[in-house]
Number of protein chains: 6
Amino acid sequence: MPLFDLPRDALETYLPERAEPTDFADFWSGTLTEARAVRREVSLTPFDAHLPLVEAHDVAFAGFGGQEVRGWWIHPAGPQPGAGWPVVVQFLGYGDGRGTPLDWLSWPTAGFATLVMDTRGQGARARRSGSTGDIGGSATPHVEGFLTKGIDDPHDYYYRRVFTDAVLAVDMARELPGVDPTRIAVQGTSQGGAIALAAAALGDRVAAAVVNVPFLCNPERAITVTDTKPYSELLEYVRTRKGDVERAFATLRYFDGMTMAAHATAPALFSVALMDDVCPPSTVYAAHNHYRGPKELVVYPWNQHEGGGDTQELRQIRWVQDLFGLQP
Amino acid sequence: MPLFDLPRDALETYLPERAEPTDFADFWSGTLTEARAVRREVSLTPFDAHLPLVEAHDVAFAGFGGQEVRGWWIHPAGPQPGAGWPVVVQFLGYGDGRGTPLDWLSWPTAGFATLVMDTRGQGARARRSGSTGDIGGSATPHVEGFLTKGIDDPHDYYYRRVFTDAVLAVDMARELPGVDPTRIAVQGTSQGGAIALAAAALGDRVAAAVVNVPFLCNPERAITVTDTKPYSELLEYVRTRKGDVERAFATLRYFDGMTMAAHATAPALFSVALMDDVCPPSTVYAAHNHYRGPKELVVYPWNQHEGGGDTQELRQIRWVQDLFGLQP
Amino acid sequence: MPLFDLPRDALETYLPERAEPTDFADFWSGTLTEARAVRREVSLTPFDAHLPLVEAHDVAFAGFGGQEVRGWWIHPAGPQPGAGWPVVVQFLGYGDGRGTPLDWLSWPTAGFATLVMDTRGQGARARRSGSTGDIGGSATPHVEGFLTKGIDDPHDYYYRRVFTDAVLAVDMARELPGVDPTRIAVQGTSQGGAIALAAAALGDRVAAAVVNVPFLCNPERAITVTDTKPYSELLEYVRTRKGDVERAFATLRYFDGMTMAAHATAPALFSVALMDDVCPPSTVYAAHNHYRGPKELVVYPWNQHEGGGDTQELRQIRWVQDLFGLQP
Amino acid sequence: MPLFDLPRDALETYLPERAEPTDFADFWSGTLTEARAVRREVSLTPFDAHLPLVEAHDVAFAGFGGQEVRGWWIHPAGPQPGAGWPVVVQFLGYGDGRGTPLDWLSWPTAGFATLVMDTRGQGARARRSGSTGDIGGSATPHVEGFLTKGIDDPHDYYYRRVFTDAVLAVDMARELPGVDPTRIAVQGTSQGGAIALAAAALGDRVAAAVVNVPFLCNPERAITVTDTKPYSELLEYVRTRKGDVERAFATLRYFDGMTMAAHATAPALFSVALMDDVCPPSTVYAAHNHYRGPKELVVYPWNQHEGGGDTQELRQIRWVQDLFGLQP
Amino acid sequence: MPLFDLPRDALETYLPERAEPTDFADFWSGTLTEARAVRREVSLTPFDAHLPLVEAHDVAFAGFGGQEVRGWWIHPAGPQPGAGWPVVVQFLGYGDGRGTPLDWLSWPTAGFATLVMDTRGQGARARRSGSTGDIGGSATPHVEGFLTKGIDDPHDYYYRRVFTDAVLAVDMARELPGVDPTRIAVQGTSQGGAIALAAAALGDRVAAAVVNVPFLCNPERAITVTDTKPYSELLEYVRTRKGDVERAFATLRYFDGMTMAAHATAPALFSVALMDDVCPPSTVYAAHNHYRGPKELVVYPWNQHEGGGDTQELRQIRWVQDLFGLQP
Amino acid sequence: MPLFDLPRDALETYLPERAEPTDFADFWSGTLTEARAVRREVSLTPFDAHLPLVEAHDVAFAGFGGQEVRGWWIHPAGPQPGAGWPVVVQFLGYGDGRGTPLDWLSWPTAGFATLVMDTRGQGARARRSGSTGDIGGSATPHVEGFLTKGIDDPHDYYYRRVFTDAVLAVDMARELPGVDPTRIAVQGTSQGGAIALAAAALGDRVAAAVVNVPFLCNPERAITVTDTKPYSELLEYVRTRKGDVERAFATLRYFDGMTMAAHATAPALFSVALMDDVCPPSTVYAAHNHYRGPKELVVYPWNQHEGGGDTQELRQIRWVQDLFGLQP
């Protein structure tokens, strides 16, 4: 049945209880303090993409644990505008890598500088190649994939490293030459949406968040309504490791998009697709409905995880342009 | 078995006999003469894509039978270079539509003007929406899809209309304001590659052809080695309409990429993927090996129909930049 | 879950609101008046099927737009009964063609003349070959298949042509030599059921309607409960063409089996299968419950889209024989 | 790859060695002598199918072991022709049952009497229901399905019972009232083709055999080139019962269509489909090429197991009409 | 949706009406009296499995109709304990066979003797080979597989023979040399769970029942919530044999695990998996909730038909050890 | 086609060139010297599995990098035989974990002590849970799964850590109390077979190797003949990371089972399944044919990756018993 989740009116008021760990704030402030302590110089290497309209740089910075994280830094050719570059920091979908600058022309063409951050360890399958490994490893077994890596302990969990990388990416973007530090947006779709939510919640002075069909919101519910990839990794985990289920759920509560949403205050544009069986609509509404800042939700009633596709792509550009006072 | 077609050394010398109809040239010159006779004014409507680095226009021109064909005309903002815009005319994959200007930023960012042509009737599923209907209809039944529409008679065949649209698109591009008529390339992937081959063979003064994993080459062989979409439409047709098989094959010979290749003289860059079960490698080699102009073939030994992906995307940009003497 | 739609008791009283366009009657009377104006002579060519018990003719008549529609006209060998032949006009399932007379022996063997009408454009895949093209084309893109062809405008919509063909087929049958014009039934399964409903609603003096697991009833609901072919074509359409959704739904309301049912008065025999995920039971009940004439519904509680199979085939023959006063 | 078996020229001369058991003739003459010894009266019950053009009877006769086998006996209404009814005995595909007389109108409408024989135990799934159980059971385990039932021993093997039923059906048909005993054809598709081959080889005075895409020919080869149902049952058997493989193959040699073919002398019409992955073409050619009587082979180069469909249905009717001197 | 059945709280009180046939007790006492009358000597043949820690015997006994049923009898090497061997009689899942003694080492290593009973006819596919045929056959057609064999009549039904075999296996176990007849448990998973329930209900003095994710409980509901194998066999049956549905359901009521449960009094350990789409949780709860003896239910909230896997395997050993007063 | 690889006679002599890196021996001696340097005490914790016939211990030892690797140490209850325990070190299939002692009763019941080694990081899906994480991480992205983790550099490659763990496991087993250090066999299936081959090649004084349908032999060929899991991970990698292909293949040459085979001298029992599309037969023959020690190959002509199943399980027990002079 294509429409498999809650009815639309129930979705609109769906506000499941968040089981925020009591030490949630401490956990993250400790993590970030430690991470920022080891921060080193950013490396920006000009990359000749043969694209005269833009300037592209291969960027490398110290992420979680001081490990190198790679990305692209792309902005229109020529000098920055008077106020400095408005910036969009982009996060990637599951399994995706940063690919080439050709993949990231929308925001620069729309007048923004963009920072595209690799998701550590990802980018070896699917259409775009990544350049960042995940040094961390995991003290316990995990399902093939990344969702359950280190899920036994929030300190060891894979997304602790990823979310920290994201906050550090925002930190870095703010200090790149020519940037307007007051106009930094975070943006992502699916896993990228989850990371954007985390960056909005945990990062400093994020000015806007664009969150499409986000992953990792209310995962405990997600695996009762969908068994597609990548939530299926969690399902396989709890099916196999019966004694570790509660611990896994406890870990996830430090990373749940619902809770991130409740801590984020920047204006946000969400999108949701009502037939999305990868990131089920109730889990997206859960995050949106808990979101603490000003927010807007674009609903695609007939779509699956492709969400609003290029309709939403146009819309999010215009929304950030408006918010940042750009005249296109 | 991922490697299902001929071994690589056999591919390199594979040159199947082309059964070019004796009236091939007449068929197409008659078709094009008639089509050009009804040509009307082009309509160029500025499209506000909120992308300050480029200028985008919604273009409409009279295609086959004078019917409206839509597309995008996008080039860098600002005046054309002294010699006029070098142009890349892009054709689309099966089922795809022109989408939005956001989908076509690579060539403009690389310094080209680009004309993106809708494939009539297509663009109602998959990720990008089209804006062009196919008025033609078909005097005989066809399999759901476009490959067998009107296949009973070359004059009624769907691709007669599409290939004519393509030649007219090149005609039109040549006359758009600011264009350098000596530097017009055609480009396409899969179905788009088939159309690009046809435009290179049948169109006037095409300066370069970029043909990725092209469809519609040696289709009679294709359906003995693959049964995936969209060749499967042809397979379903010949399975059902047993009395019409020879007639269908006879029609296809007016549209076969192998024969188009043998009539094209512009420098060409091909790419092929050796595990491609959508457009099997032997059919791509058949077109490449018959190609009459200067040619280069990029081989992706491990890939399926995704071909070279963004690796090839970068490569084709550089190849056309070099050929056209652009300094990126 | 095999039983995926509403519970049976809810089905029995399920009467969703019909959003009948205000100009529904005008739309169809205009369409039919125009169609009948261009009506030409029927061509009946004896077809030697090597079947001495029946007489078969290859029939061609002017359908929508005066375009040729083909079919079979088959009746028992020998002279008609005193009152003339009772007739069953049969319409086909999605993708099917008229095949050969061998496929249509049930009604003649049961004492009826039968007219089997090709569905224009269909019959190039699946088991039976068609002989009728769809000249019309479509002014807008459509999903591979027929369901969304011209869906942007009721005047351009594919089923406007098909339903008109059906009404003209009934007109024609009434005037064929030896026919009893007071005993003409329409019959169809799946898409054929939708056409039969339309013929019963829009045609003249249809004496009976046999409607098995009909397609195209309440399609807007259908695509919330099923995503199998061919409703999936509509789902793909609304997923891709987000701005055209309301227009597509508006078009469909001129063709919805629920509304046809509300306009039909001939005695009708329906059948429904409660596990049918191609034409979901709630959509069939919607049509049945809105049906204005005398009606009977046969429920197959465990079946999918195969419906009642040969059980229902026997039953419908007996039902029409009884209704028409034939003594078998 | 749709064309997966031997190339066509190799097929045409393909004549694999038959490993005919030395006691093949004794095995079958012993089996049939014993079976005929218990033969009892046939029961013919008029069946009111509401089909005035034909007369239908529900037939029951004593098959293997004296067990009741059911079928239909259908012929044109009215008296037989002077020479008596020409008869076609029809055997069914895997899993199929005799259904209703509506399913078997082709041959009667073409002027034949037909006897449709249930395949014991089958007819509880798929579109047509059977009425005959298989009392026999099996002394050893078998894969779900019928192909491996009793395969450990030729005397216990399921098809020993089925083939015996078939010979007795031909015996019975010959003695039914009004029959011309010199014009009895056997016909079948897939499993039905295998049974028809056996009846032609083992039965008395069969005048013609029509064998479409037959099953059970050269099965030891079949399971190296296909793993679809029902050959997959044999594959599962040999995968599980590693110690019983040779015994199973030894049993199958008493039932192999290749060997039946080498013993049959009636004129035969075969058909084969070159992309048939259910009954692979090499196994069909193996039977055809070994066939001892006059023979003709119709090749469908593009089809799968649907074979020639209604094209072949028309063709086989005309072939038998010609052979039997019927003037249609 | 992974969680597809009733919500957990509804499951806990789910107590669907049992339609126990009025002659249920007579049917089974008649069946068993007759079966026990023909009982013959048991054959125990030492089997050299090269496993010095245990003693294994190939066992053969007279099951239903006096037909030979095979199994393994395995216990720790050396003499039995003073009280005699505590015994676990194990029944197998659908399609499975007794395999080799290597497959059944858990209970012997845990200090029990075990009797593993073949399920007649099964064990020719999947991982373990069986050695027992099903002589019985069936007077009516059945779907490939065993679930619908003889379903037209409770006396002819396949599971009448299997459940009788099971009761006789328990009878036999009680009399094997060295056995403690007061400590005989029955155990099974899926089909084996259904057989264990039947043995507990119908057998003499069963001391414990271990029933994991049992099959054949409330099958009439099962086929409304799942269509996977093997319940799909029943679904195919009722879809095809529309006139035989009520009779089939009437037969099943003599074999329904819900009713068996209501007749069993031994302490029982059940397990259920809430995402089990092979034996849906509501059908398992139905049996558990109707169970008449002391009972315990282990719930695996995230699992499918694999149930509790080796977690449950350990648990059931400890449960029986505790119940039987073994000190591990 | 079930038989998809080389014909059997070609397999028997198939000896593809090994591209052994010139520093293969140095690479591994360096790796092992370093690994052994950090070796720490083994921890053996009695585990109460409630299984009186055996003694089970939860074992933890320092694997690669000194990281903890877990396993089971299980032997018959009671004192070791005079010569000490003969030992089988078992390695696991892809994704599997050590589970519980119940899973590993075959070798102990057959008179052996067994050491079951977790494969680091694995054991979070499928039927058995693991207890060992993979701390290592990877400096480059990898496909979900383990096959491509660190594949950019042999020093960073996942299997460097795993194979080192395996050698250390053999080292440890040799020194466990009561062990006969001259009778240590390694055993594994699929991935376990690859690890066993590596342990036989790289470890000290391994007395026997049992290698079933091994993974990781000639992987560069494997991905041309199969695209199933887990080789598909490598295929996805080379499809995405086009620039890293040669480097990945270069890394794999340090881990290729063909080369391990050429360095191993212990007597070996291999098994291969000719229809195995997970570990294709040509890759298994490649390892076997290159194997340097005495060897025996058991061929299962009809099986897929399940290989010989319990037939092979019995066979390997007897083979090791014979080799080690055990009298069962």
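Per an unreviewed UniProt entry, chain A goes by Acetyl xylan esterase and derives from Knoellia sinensis KCTC 19936.

Undergrad: I tried to follow the UniProt feature "binding site: substrate" (unreviewed entry) in chain A on my own but got confused; where do I start?
TA: Residue and element names in this part refer to chain A. Within this structure's numbering, the places UniProt gives as "binding site: substrate" (unreviewed entry) are Tyr94. Mapping tyrosine 94 onto the fold places it in the loop between strand 4 (85-91) and helix 3 (106-109). Here the side chain of tyrosine 94 touches phenylalanine 146 through a polar contact of 2.6 Å, landing on its backbone nitrogen.

Undergrad: Quick question: what am I supposed to make of the arrangement of the chains here?
TA: A minimum C-alpha distance of 25 Å separates chain B and chain E, which share no contact. One thing to see here is that chain C and chain F don't touch, and their nearest C-alpha atoms sit 25 Å from each other.

Undergrad: Any chance you could explain the UniProt feature "active site" (unreviewed entry) in chain A here in plain terms?
TA: Residue and element names in this part refer to chain A. Following the UniProt record, the feature "active site" (unreviewed entry) maps to Ser190, Asp276 and His305 here. Over a stretch of 116 residues, the named residues converge on one spot in the fold, their C-alpha atoms separated by at most 10.7 Å. Within the element layout of this structure, aspartate 276 appears in the loop between strand 8 (268-273) and helix 10 (281-290). Residue classification places aspartate 276 among the buried positions, given a relative accessible area of 0%. Every residue in contact with aspartate 276, bar those within four places of it in the chain, is listed here: Phe4, Val213, Pro281, Asn303, Gln304 and His305. Engagement of the side chain of aspartate 276 in a polar contact is seen with the backbone nitrogen of valine 278, the distance being 2.8 Å. Inspection of the secondary structure puts histidine 305 in the loop between strand 9 (295-300) and helix 11 (309-323). Beyond its immediate chain neighbours, meaning those up to four positions away, histidine 305 contacts Ser190, Val213, Asp276, Val278 and Cys279.

Undergrad: What is the right way to look at the interface of chain F and chain A in this model?
TA: Interfaces are frequently sized by the accessible area removed from exposure as the parts join. The interface is formed by 33 residues belonging to chain F together with 33 residues belonging to chain A. When the two sides are added together, the surface that chain F and chain A hide from each other amounts to roughly 2,200 Å², 52% of it contributed by carbon and sulfur. The largest share of the area that chain F buries against chain A comes from Ala124(F), Glu144(F) and Thr240(F), three residues that together contribute 28% of it. Taken together, the connections running from chain F to chain A amount to 2 salt bridges. Two residues, Arg125(A) and Glu144(F), come together in a salt bridge whose shortest N-O distance is 2.9 Å. Along the contact surface separating chain F from chain A lie 16 residue pairs in polar contact (both at pLDDT 80 or more).

Undergrad: Any chance you could explain the relation of the copies chain E and chain F here in plain terms?
TA: Relating one copy of the chain to the other requires a rotation about an axis plus a shift along that axis. Placing chain E over chain F gives an RMSD of 0.0 Å and needs a rotation angle of 180°, together with 0.0 Å of translation along the axis. As the rotation angle and translation indicate, the two copies are arranged about a two-fold axis. Ranked by how close their C-alpha atoms come to the rotation axis, the residues of chain E are headed by Leu105(E), at 3.3 Å. A shared binding surface is used by both copies, with 100% of the interface residues of chain E retained as interface residues in chain F.

Undergrad: Sorry, what's going on with the pattern of salt bridges here?
TA: Opposite charge on two side chains makes pairing possible when the charged atoms of those side chains draw close. Residue and element names in this part refer to chain A. According to the stated counting rule, one finds 132 salt bridges over all chains in the structure shown. Put simply, lysine 149 and aspartate 134 hold a salt bridge, and the shortest N to O gap is 2.9 Å. Linking lysine 149 in the loop between strand 5 (113-117) and helix 4 (158-175) with aspartate 134 in the loop between strand 5 and helix 4, this pair joins segments that are 15 residues apart in sequence. Take lysine 149: its relative accessible area is 1%, and that puts it in the buried class. By sharing partners, the salt bridges in this structure join Arg120, Asp134, Lys149, Arg161 and Asp165 into a single network.

Undergrad: Could you clarify how one ought to interpret the packing of aromatic side chains in this entry?
TA: Two aromatic rings, taken as a pair, are described by how far apart their centres are and by the angle between their planes. Evaluated as defined, the whole model comprises 114 aromatic pairs over all chains. Seen from their ring centres, Phe27(A) and Tyr254(A) are 4.7 Å apart, and the 50° between their planes marks the pair as tilted. Pair noted here: Phe27(A) is in helix 2 (residues 24-37) and Tyr254(A) is in the loop between helix 8 (245-252) and helix 9 (257-263), with a separation of 227 residues, a long-range link. Both residues of the pair, Phe27(A) and Tyr254(A), count as buried. A centroid spacing of 6.2 Å and a plane angle of 75° characterise the contact between Tyr94(E) and Phe146(E), whose relative ring orientation is edge-to-face. With Tyr94(E) in the loop between strand 4 (85-91) and helix 3 (106-109) and Phe146(E) in the loop between strand 5 (113-117) and helix 4 (158-175), this residue pair connects regions lying 52 residues apart in the sequence. Looking at Phe146(E), the relative accessible area reads 1%, which means it is buried. Through a chain of ring-to-ring contacts, the aromatic side chains of Phe27(A), Trp28(A), Tyr94(A), Phe146(A), Tyr157(A), Tyr158(A), Tyr159(A), Phe163(A), Phe215(A), Tyr231(A), Tyr254(A) and Phe255(A) assemble into a single cluster. The ring centre of Trp72(A) lies 3.9 Å from the NZ or CZ of Arg98(A), which sits over that ring.

Undergrad: Got a minute to help me understand the interface of chain E and chain F in this structure?
TA: Taken together, the contact between chain E and chain F spans 27 residues of the former and 27 residues of the latter. Of the roughly 2,300 Å² buried where chain E meets chain F, counting both sides, 68% is carbon and sulfur surface. Contact with chain F buries surface across chain E, with His50(E), Leu53(E) and Thr109(E) losing the most and accounting together for 29% of the total. Secondary structure elements with two or more residues in the side of chain E that touches chain F: helix 3 and helix 11 (309-323) of chain E. Considered class by class, the residues forming the side of chain E that touches chain F number 13 nonpolar, 7 polar and 7 charged.

The rules behind these values
- Residues numbered from 1 in each chain as written.
- Chains lettered and ligands numbered in written order.
- Predicted model: local features only at pLDDT ≥ 70, side-chain atom pairs only at ≥ 80, totals over all residues.
- Heavy atoms only, no water.
- UniProt positions renumbered as here; feature names shortened; annotations may be inferred.
- Helix = DSSP H or I, 4+ residues; strand = E, 2+ residues; numbered from the N terminus.
- Polar contact = N/O pair within 3.5 Å; in protein donor to acceptor, adjacent residues only side chain to side chain.
- Contact = heavy atoms within 4.5 Å.
- Buried < 20%, exposed > 50% of the residue type's maximum accessible area, 1.4 Å probe, protein only.
- Buried area = accessible area lost by both parts, 1.4 Å probe.
- Salt bridge = Lys/Arg side-chain N within 4 Å of Asp/Glu carboxyl O.
- Least-squares fit on C-alpha atoms with pLDDT ≥ 70 in both.
- Phe/Tyr/Trp six-rings, centres within 6.5 Å; stacked < 30°, edge-to-face > 60°.
- Lys NZ or Arg CZ within 6 Å of the ring centre and 35° of its normal.
- Nonpolar A, V, L, I, M, F, W, Y, C, P; charged D, E, K, R; others polar.

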